[in-house]
Amino acid sequence: MTDSHKTSRATLLEQAHTNMPMGVADSYRYWGEDNTVFVKSMEGCTLTDADDKQYVDFRLAYGPIILGYRDNRVDQEVIKAITNTGTLCGFSTALDSEVVELVKELCPNIEKMRFANSGTEAVLGAVRVARGFTSRNKIVVVEGGFHGLYDEMMWKPDVDNWDASSGTAPEIKPFGAGIPESSREHLETIALNDADALADVFARVGDDIAAIVIEPIMGNCGSIASTPAYMQLLRDTCDKNGSLLIIDEVKTGFRVARGGVQALYGVHADLTTYAKAMGNGYPVAAFGGRADVMDMINFGDGGVTHGGTYTANMIALSAAKATLTLLKDTDALATVSRVGAEIQQLLSRVFTHHGVEHRFAGPDSMFGVHFGSDVPQNYRDWKKTNSDLYTVFAHNLIKHGVMLEPDSREPWFICEAHQTMDMAWLEATAMLSMKEALAAS
Ligand SMILES: Cc1ncc(COP(=O)(O)O)c(C=O)c1O
């Protein structure tokens, strides 16, 4: 087999099919036999695929890259840490508190914190602590929110197959097989920004509600956002009912503002989860919040257990320390927001030129693009947008060298390195991609 064969996407996928189900290491990386992407290298805001085609990337690994791929300032700190100290010892190090103190400086909602290795694990930890603290079972989640791949959180409204004019709620279905019906026993689902649905669930089962878990800006649903009034209503409802408010900032944390979504809304959670932008691509996550709640983690009677072999390893924590220090001390996030705003302006010119009605949702650092006349207020509204046109447009962008998820439920992620991008090229590429999409429809 020649080298050129080895590096072709099709050959790699064929080989991968013999090694992994669907030929991928994560099911969401499978985009079909013709479109599944194999990457050779990453740098700044660009990807180079197995066939040496370059892309400007707005997917950014589903959000973690906040500075840029292979950011030397972060990478050098990690190399120093693992060279001078090591990767993992199963004991405490001084770095543990250094990183927590950095987070506390940026996020006044955090008094105490614990680390995890993924967003899923951070959510699991926060939910367990909430249940331990309240001695209650039920968790309320919002339609369109995503909180990781563990059984209880793998129930979603089947909006794809839902008739929006039916007047009924979408059916709640598991993500797939292997998820026992019992995992849903303590889960309640409500639509975002619907005060009546909130009141109804608390009236029905309020005395057993441990927590509401919410992404106030839904990073897995086109950045559709809570209204400020709804966030305050959630805070007040939890306080009145003795339930906890868990804000899942796995996507928004250290991205939409230094203090995350809570800095934007001025509403503080009892517990918060972080991951992604916290480490600019290194696998680090955390959950934390009120000291009295977090102190439920103890070995006493009624205490909550938390731990994990790889928790607070030196690779993750040195990356978090370097990334958070940069986000704190430089104007990286201001750059991210400025570039994100410029990109929305240029996309808006493209859509207007082609007569495509459009609305943006969410903040400049992770904005959703929706084809329709209104900004969706919840997942059910998303169904009214022309997501099919978006998907065709997105596939054309990919063909022309702009990488993004071909599904309008995934926002456009911006990193600091996008400031080096050629905006005129992006506008021309978007113009061509929309022209082709409309010609095909
Ligand atoms: C809001 C939110 N919570 C939790 C998760 C799960 O994180 P992970 O994929 O690191 O387990 C994600 C992943 O995209 C997420 O966006």
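Rules used throughout
Residues numbered from 1 in each chain as written. Predicted model: local features only at pLDDT ≥ 70, side-chain atom pairs only at ≥ 80, totals over all residues. Heavy atoms only, no water. Salt bridge = Lys/Arg side-chain N within 4 Å of Asp/Glu carboxyl O. Helix = DSSP H or I, 4+ residues; strand = E, 2+ residues; numbered from the N terminus. Buried < 20%, exposed > 50% of the residue type's maximum accessible area, 1.4 Å probe, protein only. Domains from an automatic or database assignment. Contact = heavy atoms within 4.5 Å. Buried area = accessible area lost by both parts, 1.4 Å probe. Polar contact = N/O pair within 3.5 Å; in protein donor to acceptor, adjacent residues only side chain to side chain. Nonpolar A, V, L, I, M, F, W, Y, C, P; charged D, E, K, R; others polar.

Here we look at the pattern of salt bridges
Then, number 1: Evaluation of the coordinates by the stated rule reveals 27 salt bridges.
Then, number 2: One salt bridge in this structure joins K321 and E98, with 2.6 Å as the shortest N-O distance. Here E98 lies in helix α4 (residues 94–106) and K321 lies in helix α10 (residues 314–329), a separation of 223 residues in the sequence.
Then, number 3: In this structure E98 comes out as partly exposed when scored by relative accessible area, which is 33%.
Then, number 4: Between D292 and R290 there is a salt bridge, with the nearest N and O atoms lying 2.7 Å from each other.
Then, number 5: By sharing partners, the salt bridges in this structure join R235, D239, D270, R290 and D292 into a single network.

Some thoughts on the domain arrangement of the protein chain
When the parts come together, some accessible area is lost, and that loss is often what is quoted as the size of the interface.
Then, number 1: Each assigned domain of the protein chain is listed here: domain 1 (37–66 + 331–440) and domain 2 (72–329).
Then, number 2: For domain 1 versus domain 2, the distance between C-alpha centres works out to 26 Å.
Then, number 3: Taken together, the contact pairs 30 residues of domain 1 with 37 residues of domain 2.
Then, number 4: Here domain 1 packs against domain 2, burying approximately 2,800 Å² in sum over the two surfaces, 59% of which is carbon and sulfur.
Then, number 5: Between the two partners, domain 1 and domain 2, sit 4 salt bridges.
Then, number 6: Note that E416 and R73 form a salt bridge whose closest N and O atoms lie 2.9 Å from each other.
Then, number 7: Remark: the boundary between domain 1 and domain 2 carries 20 residue pairs in polar contact (both at pLDDT 80 or more).
Then, number 8: The set of elements that each furnish at least two residues to the side of domain 1 that touches domain 2 consists of α11 (332–353), β16 (366–370) and α12 (379–382).
Then, number 9: It is β16 that contributes the most residues to the side of domain 1 that touches domain 2, 4 residues altogether.
Then, number 10: Here the side of domain 1 that touches domain 2 is built from residues that sort into 17 nonpolar, 8 polar and 5 charged.

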